[in-house]
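Residues per chain, in single letters:
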Amino acid sequence: LDKFSKEERGIIEGMGAFGHAYVIVNNKQYDVSLEKEGTKHKGELETKKERAATIWLNQIIMLRQLERYEAALICYNIITKLIPTAPEIWYNRGNFLNHIKRPEEALESYNKAIKADPNFEGVWNNKAVTLASLGRYKEALTCMTKALELTPKNHPGREKVEMLKEKLEETILR
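Keep in mind that this is a model prediction, so the values were computed, not measured.

Observations concerning the side chain of threonine 130
Locating threonine 130 in the fold gives a position in helix 6 (residues 121-133). In this view, threonine 130 contacts Asn98, Pro103, Leu107 and Tyr110; residues no more than four positions away in its chain are not counted.

Next up, the structure:
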């Protein structure tokens, strides 16, 4: 628990996600606690972390529906500490931060997602949109160009990405 802040530890302990945490799926109980990290085989530990992350993601969904955004953000922070190299988690955290009007923090999450997977087209696209919303059009164009390079020719969203790139180019030329 040392890697978590006091606030994060309070939520973790409140949910029982360390110690003895169990999930019941199809009447079968699964242990998702992480208290014995040092004694577990690496593969088994990674599986437990993924299961624990799923629990936290479900918690985030509930907290977002209740508009408890700060608590949801703490849950995202917990997940990123459990699985720091998962680009999808950083991507979703960035999208969430954009949703709650924290674009600078969203950019930090998108950068971590890109570091984990530089070929994740959606991250480049959303980073470009975020940069454009901050008036950082040249950076946005660079990201949108990268998103376009990564988007397959037959992808249904490609036309939208091309259109956004054209709008950014027009904005820069003005």
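Considering the environment of asparagine 58
Mapped onto the secondary structure, asparagine 58 falls in helix 2 (residues 42-65). Remark: the alpha-carbon pair of asparagine 58 and cysteine 75, spanning 17 residues in sequence, is separated by 9.8 Å.

Some words on the packing of helix 4 (residues 87-99) against helix 6
Contact geometry of helix 4 with helix 6 gives a least axis separation of 10 Å together with a crossing angle of 25°. For the element pair helix 4 / helix 6, the angle class is roughly parallel. Here helix 4 and helix 6 pass one another in a crossing that is left-handed. In contact with Tyr91, Asn95 and Asn98 of helix 4, helix 6 contributes Gly122, Val123, Asn126 and Thr130. Classifying every residue of the contact of helix 4 with helix 6 gives two nonpolar, five polar and no charged.

Re the packing of helix 6 against helix 7 (residues 137-150)
Geometry of a packed helix pair, given as the angle between the helix axes and the separation of the axes. Interhelical geometry of helix 6 versus helix 7 gives an angle of 160° and a closest axis separation of 8 Å. In terms of orientation, helix 6 lies roughly antiparallel with respect to helix 7. For the crossing formed where helix 6 meets helix 7, the hand is left-handed. Two secondary-structure elements touch here, helix 6 through Glu121, Trp124, Asn125, Lys127, Ala128, Val129, Leu131 and Ala132 and helix 7 through Tyr137, Glu139, Ala140, Cys143, Met144, Lys146, Ala147 and Leu150.

Side note on the packing of aromatic side chains
Each aromatic ring pair is described using two quantities: the centre-to-centre distance and the angle formed by the ring planes. Within the structure shown, the criterion is met by four aromatic pairs. Ring plane angle 35° and centroid distance 5.5 Å describe the contact between tyrosine 76 and phenylalanine 96, whose orientation is recorded as tilted. Of this pair, tyrosine 76 sits in helix 3 (residues 69-82) while phenylalanine 96 is found in helix 4, placing the two residues 20 residues apart along the sequence. Phenylalanine 96 carries the same exposure label as tyrosine 76, and that label is buried. Of the aromatic side chains, those joined through ring pairs into one cluster are Tyr69, Tyr76 and Phe96.

Describing the confidence of the model for the chain
Residue-level pLDDT values for the chain average 79, and 75% of them are 70 or greater. Looking at the elements of the chain, mean pLDDT is at its lowest for strand 1 (residues 22-25), recorded as 40, and at its highest for helix 5 (residues 103-116), recorded as 97. Here residues 16-42 scores under 50 on pLDDT; set against residues more than four positions off or in separate chains, the count is 48 contacts.

About the thresholds
- For every chain, the first residue of the written sequence is number 1, and numbering continues from 1 along that sequence.
- With the structure being a predicted model, the display of local features is reserved for residues of pLDDT at least 70 and the display and counting of side-chain atom pairs for 80 or more, all residues being used for whole-chain, interface and lining totals.
- Processing note: side-chain calculations cover all non-hydrogen atoms of the structure and skip hydrogens and water entirely.
- Strands here are runs of E lasting at least two residues and helices are runs of H or I lasting at least four, both read from the DSSP assignment and numbered beginning at the N terminus.
- Pairs of residues are marked as contacts when any of their non-hydrogen atoms sit within 4.5 Å.
- Lines fitted to C-alpha atoms define the axes here, with helix axes fitted over just the stretch in contact, and angles between the N-to-C directions of these axes take values from 0 to 180 degrees.
- Working definition: roughly parallel below 35 degrees, roughly antiparallel above 145 degrees, roughly perpendicular at 65 to 115 degrees, and oblique for all remaining angles.
- Should the near helix be turned anticlockwise from the far one by less than a right angle, the crossing is termed left-handed; should it be turned clockwise, right-handed.
- Under this grouping Gly is polar, as are all residues other than the nonpolar Ala, Val, Leu, Ile, Met, Phe, Trp, Tyr, Cys and Pro and the charged Asp, Glu, Lys and Arg.
- Two rings from Phe, Tyr or Trp (for Trp, the six-membered ring) form a pair when their centres are within 6.5 Å of each other. A pair whose planes differ by under 30 degrees is stacked, one over 60 is edge-to-face, and the rest are tilted.
- The buried label applies to any residue whose accessible area, calculated with a 1.4 Å probe on protein chains only, is under 20% of its type's maximum; exposed applies above 50%, and partly exposed to all values in between.
- Scored from 0 to 100, pLDDT reflects the predictor's confidence in each residue.

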